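One-letter residues, chain by chain:
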Amino acid sequence: MIAPMPATRQPARAPAPRDGAEAMMSAPTTTAGTTVDHLTETYRAHYRSLLGLAALLLDDTASCEDVVQEAFIRVHSARKRVRDPEKTLAYLRQTVVNLSRSALRRRILGLKLLSKPMPDMASAEEGAYDQLERDALIKAMRGLQRRQREVLVLRYFADMTEAQAAETLGISVGSVKAYGSRGIAALRVAMGSTS
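Once a new chain begins, its residue numbering starts again from 1 and follows that chain's sequence as written. Selection of residues for local features in this predicted model requires a pLDDT of at least 70, selection of side-chain atom pairs for listing and counting requires 80 or more, and totals for whole chains, interfaces and linings are taken over all residues. Note: side-chain values were computed over all heavy atoms of the structure, leaving out hydrogens and water.

(A) Just the packing of helix 6 (residues 146-157) against helix 7 (residues 162-169), in detail. Comment: axis = line fitted to C-alpha atoms, over the contacting stretch for helices; angle = value between 0 and 180 degrees taken between N-to-C directions. Counting from the N terminus, the helices are the DSSP runs of H or I reaching at least four residues and the strands are the DSSP runs of E reaching at least two. Contact geometry of helix 6 with helix 7 gives a least axis separation of 9 Å together with a crossing angle of 135°. The pairing of helix 6 with helix 7 is recorded here as oblique in orientation. Note on packing geometry: the crossing formed by helix 6 with helix 7 is right-handed. Of the residues in helix 7, those in contact with Arg 147, Glu 150, Val 151, Leu 154 and Arg 155 of helix 6 are Glu 162, Ala 165, Thr 168 and Leu 169. By residue class, the composition of the contact of helix 6 with helix 7 is four nonpolar, one polar and four charged. For classification purposes, angles smaller than 35 degrees are called roughly parallel, those larger than 145 roughly antiparallel, those between 65 and 115 roughly perpendicular, and all remaining angles oblique. Each crossing gets its hand from how the near helix is turned against the far one by less than a right angle, where anticlockwise is left-handed and clockwise is right-handed. Throughout, a residue-residue contact means that at least one pair of heavy atoms, one from each residue, lies within 4.5 Å. Each residue gets one of three labels, nonpolar for Ala, Val, Leu, Ile, Met, Phe, Trp, Tyr, Cys and Pro, charged for Asp, Glu, Lys and Arg, and polar for the others, Gly among them.

(B) Quick look at the packing of helix 2 (residues 36-57) against helix 3 (residues 61-77). Closest axis-to-axis distance for the helix 2/helix 3 pair is 9 Å, and the angle between their directions is 150°. By the angle between their axes, helix 2 is roughly antiparallel relative to helix 3. Crossing handedness for the pair helix 2 and helix 3: right-handed. From helix 2, Val 36, Leu 39, Thr 40, Tyr 43, Tyr 47, Leu 50, Leu 51, Ala 54 and Ala 55 reach across to helix 3, where they touch Cys 64, Glu 65, Val 67, Val 68, Gln 69, Phe 72, Val 75 and His 76. When its residues are assigned to classes, the contact of helix 2 with helix 3 shows 13 nonpolar, three polar and one charged.

Purely spatial values, then, with no claim about function.
Below you can see the structure in the form of structure tokens.
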């Protein structure tokens, strides 16, 4: 049977830190690493110079400010790796440079994607004119004799040969030629074409 632990137990001592980074976190006055306070002081003292560094690499103020802020956040997250407090500024500067390069790469990629020419598209006027022509053609096709309409649709819209159209309609090739010729002539008259 397991007996419960007595209530008057002495508190356990915290184990000794394994490296200087953990000691840095527990004691802000320790010189073995970068503390949050030291990082914040360095950031405040050198904000303008970091912004100037970003401005040399980037062209707009908003992006520069974003890069400097992101650099502080990243160095803050990785402050355990900064063993020497004197190198905090160097870490911040290098992070600003790296983030600026990344921002430029994203911009260049965006420009490459945007620089592809757009496909040729008809203007609204051309589209409206084409629609009017289609409407006129459909109206003229409805005015043709049934056989003429069938031959023209199979020959010019379905892209069939005269033999294929003749087989589909069950008529001779000569009839397809005759219906096609008369149908085109009737369309020219209906649409007012002189050619």
